[in-house]
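# A look at the structure
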Amino acid sequence: MFSFSLSEEQRQLKQTARDFAVAEIIPVARHYDEAEEFPHDLLRKAWEIGLMNLEVPAEYGGLGLGILDSILVMEDINYGCAGVGTSMAASDLATTPILLAGSDEQKSRYLSWLTNEFTFGAYGLTEPGSGSDAAGLSTTYKEVGDEYVLNGVKHFITNGTVASWHIIFATKSKEMGHAGISCFIVPTDTAGLSTSKMKGKLGQRCSDTAEIVLEDVVVPKSAMLGPEGSGFKLAMRTFDRTRPQIGASCIGMTQRALDECTRYARERKQFGQPIANFQAVQFMLADMAIELEAMRLLTYKAGWLLDQGQGSTIVSSYAKAFGADRAVQIASDAIQIFGCYGYFSDYPVEKLFRDAKLIQIYEGTSQIQRVVIARHLLSG
Ligand SMILES: Cc1cc2nc3c(=O)[nH]c(=O)nc-3n(C[C@H](O)[C@H](O)[C@H](O)COP(=O)(O)OP(=O)(O)OC[C@H]3O[C@@H](n4cnc5c(N)ncnc54)[C@H](O)[C@@H]3O)c2cc1C
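A brief report on the enclosed structure follows. Please read all numbers here as calculations on a predicted model, not as lab measurements.

## Quick word on the pattern of salt bridges
This structure, assessed with the given rule, holds 19 salt bridges. Of the charged contacts in the structure, one is a salt bridge between Glu8 and Arg11, with a shortest N-O distance of 3.2 Å. Note that Glu8 and Arg11 are positioned in helix 1 (residues 8-35) at a spacing of 3 residues, about one turn of the helix. Among the residues examined, Glu8 registers a relative accessible area of 42% and is labelled partly exposed. For Arg11, a relative accessible area of 44% translates into the label partly exposed. Residues Asp355 and Lys351 are paired through a salt bridge, measuring 2.7 Å at the closest nitrogen-oxygen approach. You can see Asp355 and its partner Lys351 sitting in helix 9 (residues 349-359), 4 residues apart, about one turn around the helix. An identical accessibility class is assigned to Asp355 and Lys351; each is buried. One continuous salt-bridge network, built from bridges that share partners, spans Lys14, Arg18, Glu75, Asp76 and Arg296.

Have a look at this one:
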C-alpha cells in the first residue's frame, strides 16, 4: 500500500502550524533574532495551542502523535523562524530518550512536567572536548551508596538555561569507551548544577544555547535512564528518531526561501522587465523547487518508516544530510536572487542563510552523516 496523501487531521495540524507561523512568528522573528532573546511569550502561545510536545503519549498529557505528524508541524514552524523551531525540537530531543528507555515513573514525572507546565527539557551530550566524537565525553558519574555523583561540563546545550530538567550523558570510566556511558535525568534545581547562556551565534539567535556545569551533582539511583552502560546507544537511537525533525526544519526554511524568491522575482524589474523573465533566475527557482520536493520525500519517508517501527539510521541520516546541505545552498541562492537587497537584514533571506548553516552542524555534522551512511554501506 503506497500513499502520498496526508489525512484530514494531518492537513489541519499542518495548517494550524502554518497559521501560527504567519500570524505569530514571522512578525516578531527579526526582533528576537536581533536581540538574541529567547522567545518566551511566543513559545508559550505555541504550547497553549498544543503545538509542543506532540509525541508525548496521552497518558502523560500529550497528544501521542507520530513522528510524521511532528515533522509536518516543525516544517511550518521553521517556515516562520528556525530558531523557534530549534527551541521546540530540542525539547523533543530531550523527551525522546525518556520515550525510548524511561520507566513508567520517569515518564510520568518528566513527560507530564512538560505537558502540565510551560517548560522545556534539554539534551546534554556535547562537551568542550567532544562533539562529533560523542563517545569521547569526559563528564563522569560515580556510584556512592544509593546515589550517583556527576561531574563535568556540557557545551552548546539548546534550552540549557530555560529547561526544568536535563538529559545528561556521563561515563563511569573513559577507558570503557561506549560501554562506560550511561544516561541520567537531572532536574535543573539539583544542587551543583549551574547553567549559563552562550551568546554570539551566527544564526538561530533566539534559541537558547548554554553551558551546563555539574559539580558533585548527587542524584538518586532512579535518575539513571535505561540500563547502566546503555547511554551511548540510547543517544544514537535518539538521533535516529530526531534527525528527520531536522529535515523538517530544512523543508520549512527552503519553502520560505522559495516563496520569498518567487514573489521578489516577479516584483523586481531590471532591463525593463521582472527578473523572473530571465532564464538564469527561473532555473534557480526551478532547482529550489526540485530539491525542496526531494528533501520533503526523504524526510516524510524517514518519519513514516519510524512510525511503522521500521525506521533506520541510514534513512534518517539521508534526510538530515541532504536537507541540511541543500537548505544552505538554497538559502545562498535566495540571496543571489535578491541581489544586494538580499544581503541586508531588511529582507528575510539573509536570516534564512544564517539560520540554515547551523543545520549542517548540530545533531551530527554533514560529514558525520556521511560517515554513518558509509559505515552502513560498507558493513555489508
Ligand atoms: C547552536 C547549537 C546548538 C546545539 N545544541 C546541542 C544540544 O542541545 N545538545 C548537544 O548535546 N549538543 C548540541 N550542539 C552541539 C553539536 O551537536 C555539535 O556542535 C556537533 O556534534 C559537532 O561537534 P563540534 O562542534 O565539537 O565539532 P567537531 O566534532 O570538533 O568537528 C569539527 C569538524 O570536523 C569534522 N569531523 C569531525 N570528526 C570527523 C570524522 N570522523 N570524519 C569527518 N569529519 C569529521 C566535523 O564534521 C566538523 O566539520 C549544538 C551546537 C550548536 C552550534
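## Quick word on the pairing of strand 2 (residues 140-144)
With 5 bridges connecting them, strand 2 and strand 3 (residues 147-158) associate as antiparallel partners. In the strand pairing of strand 3, Tyr141 is matched with Leu150.

## What to know about unusual backbone geometry
Negative phi characterises most residues that are not glycine, and trans characterises most peptide bonds. Of note in this structure, Glu36 is not a glycine but carries a positive phi near 50°. Following the sequence through the fold, Glu36 ends up in the loop between helix 1 and helix 2 (40-48). Unlike most non-glycine residues, Phe156 shows phi in positive territory, near 60°. With respect to the helices and strands, Phe156 occurs in strand 3. Here Phe156 falls in the exposed class, since its relative accessible area comes to 54%.

## Structural notes on the side chain of Thr95
Within the secondary structure layout, Thr95 lies in helix 4 (residues 82-101). Of note is the side chain of Thr95, whose polar atom sits 3.0 Å from the backbone oxygen of Asp92. Among residues more than four places away in sequence, those in contact with Thr95 are Leu111, Leu114 and Trp165.

## Section: a nonpolar patch on the surface
A surface patch of nonpolar side chains, amounting to about 360 Å² of accessible area, comprises Tyr318, Leu377 and Leu378. With respect to the helices and strands, Tyr318 occurs in helix 8 (residues 313-338). With relative accessibility at 33%, the residue Tyr318 sits in the partly exposed group.

## Description of the packing of aromatic side chains
This model, assessed by the stated rule, comprises 15 aromatic pairs. For the ring pair Tyr264 and Tyr347, a centre distance of 6.1 Å and an interplane angle of 80° mean the geometry is edge-to-face. Here Tyr347 lies in the loop between helix 8 and helix 9 and Tyr264 lies in helix 6 (residues 231-267), a separation of 83 residues in the sequence. The buried category is assigned to Tyr264, whose relative accessible area is 8%. Owing to a relative accessible area of 30%, Tyr347 belongs among the partly exposed residues under this scheme. Site record: aromatic cluster; members linked through ring pairs are Phe38, Trp47, Phe118 and Phe120.

## A short note on empty space enclosed by the protein
Scanning the model with the defined rule gives 1 cavity of 30 Å³ or more in all. One number sums up the size of the largest cavity: a volume of about 40 Å³. Every residue along the wall of the largest cavity is listed here: Met74, Asn78, Gly85, Thr86, Ala89, Gln245, Ile246, Ser249 and Tyr362. Elements with a minimum of two residues in the lining of the largest cavity: helix 3 (67-80), helix 4 and helix 6. Class assignment of the residues belonging to the lining of the largest cavity gives a composition of 4 nonpolar, 5 polar and no charged. Taken together, domain 1 (8-120) and domain 3 (232-378) each give at least three residues to the lining of the largest cavity, which thus spans both.

## Let's talk about the site of the ligand
Close to the ligand lie 18 residues, the nearest being Tyr123, Thr126, Ser132, Phe156 and Thr365. Note that a nitrogen atom of the ligand is positioned 2.7 Å from one of the backbone N or O atoms of Phe156. The contact in question runs from an oxygen atom of the ligand to an N or O atom on the side chain of Thr365, over 2.6 Å. Relative to its free-state accessible area of 970 Å², the ligand is covered by the protein chains to the extent of 64%. With respect to the detected pockets, the ligand is housed in the largest pocket. Only strand 3 and helix 10 (366-378) provide two or more residues apiece to the shell around the ligand. Considering only residue class, the shell around the ligand consists of 9 nonpolar, 7 polar and 2 charged. When residues of the shell around the ligand are assigned to domains, at least three fall in each of domain 2 (122-228) and domain 3 (232-378).

Rules and cut-offs
Residues numbered from 1 in each chain as written. Predicted model: local features only at pLDDT ≥ 70, side-chain atom pairs only at ≥ 80, totals over all residues. Heavy atoms only, no water. Salt bridge = Lys/Arg side-chain N within 4 Å of Asp/Glu carboxyl O. Helix = DSSP H or I, 4+ residues; strand = E, 2+ residues; numbered from the N terminus. Buried < 20%, exposed > 50% of the residue type's maximum accessible area, 1.4 Å probe, protein only. Pairing = 2+ DSSP bridges. Polar contact = N/O pair within 3.5 Å; in protein donor to acceptor, adjacent residues only side chain to side chain. Contact = heavy atoms within 4.5 Å. Patch = residues over 30% accessible without salt bridge, like charges linked within 9 Å, V, L, I, M, F, W, Y side chains within 5 Å. Areas by Shrake-Rupley, 256 points an atom, 1.4 Å probe, with all protein chains shown as cover. Phe/Tyr/Trp six-rings, centres within 6.5 Å; stacked < 30°, edge-to-face > 60°. 1 Å grid on protein atoms, 1.4 Å probe; cavity = no way out; pocket = protein on both sides within 12 Å on 5 of 7 lines; lining within 4 Å. Points joined across faces, edges and corners; volume = space filled by probe spheres on them. Nonpolar A, V, L, I, M, F, W, Y, C, P; charged D, E, K, R; others polar. Domains from an automatic or database assignment. Near = heavy atom within 4 Å. Sits in = over half its atoms within 2 Å of the grid points.

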